[in-house]
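Given next are the chains, with one letter for each unit.
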Amino acid sequence: ALAFAPLHKRAFGVAIGVAVGISVFLFTAVFLLRDPDQGVGLTLLAQYFKGYSVSWGGALVGMFWGFVVGYVGGWFVAFCRNLVIAISIFVIRAKSELSQSGDFLDHI
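Trainee: Let's hear about the packing of aromatic side chains: which residues, and what values?
Mentor: All told, the structure shown has three aromatic pairs when counted by the stated rule. Ring geometry for Phe64 against Trp65: centres 5.3 Å apart, planes inclined by 70 degrees, an arrangement best described as edge-to-face. For Trp65, a relative accessible area of 28% puts it in the partly exposed group. Both rings, one in Trp75 and one in Phe79, keep their centres 5.5 Å apart while their planes meet at 5 degrees; by these two values the pair is stacked. A residue pair is termed a helical-turn pair when its members lie 3 or 4 positions apart in one helix, as Trp75 and Phe79 do in helix α2 (residues 56-100) at four residues.

Okay, structure coming up:
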């Protein structure tokens, strides 16, 4: 029963959002601590995250946008998983009921 329990969309979205937000912050922080003059690899995030730059302030902006993107992605994944599980259970239950009542007319 627990294997087919639906995921809580909001909780899963928050969990993924926090993980992605912290990851973006840590990637930027590690990059700044190692070599702050080479911002070539992470500057592409500015194309996706408005206000992001390879700086400490940009790391906070990236953490915010990472949370938003992670939340939306996590919510959508949980929604799709719940939908697929619900459809699968419906189909399995319908086939089972049909096979049990398939010989109904033979008894009349």
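Trainee: Any details on α2? Residues and values, ideally.
Mentor: Given a rise of 1.5 Å per residue, 45 residues ought to cover 66 Å, and the 65 Å separating the end C-alpha atoms of α2 matches this to within 8%. Regarding α2, the residues found buried are Gly58, Ala59, Gly62, Gly66, Gly70, Gly74, Ala78, Asn82 and Ile85. Where α2 is buried, its residues contact α1 (9-34).

Definitions and cut-offs
- Residues numbered from 1 in each chain as written.
- Predicted model: local features only at pLDDT ≥ 70, side-chain atom pairs only at ≥ 80, totals over all residues.
- Heavy atoms only, no water.
- Phe/Tyr/Trp six-rings, centres within 6.5 Å; stacked < 30°, edge-to-face > 60°.
- Buried < 20%, exposed > 50% of the residue type's maximum accessible area, 1.4 Å probe, protein only.
- Helix = DSSP H or I, 4+ residues; strand = E, 2+ residues; numbered from the N terminus.
- Expected span 1.5 Å × (residues − 1).
- Contact = heavy atoms within 4.5 Å.

These results come straight from atomic positions and should not be treated as a statement about function.
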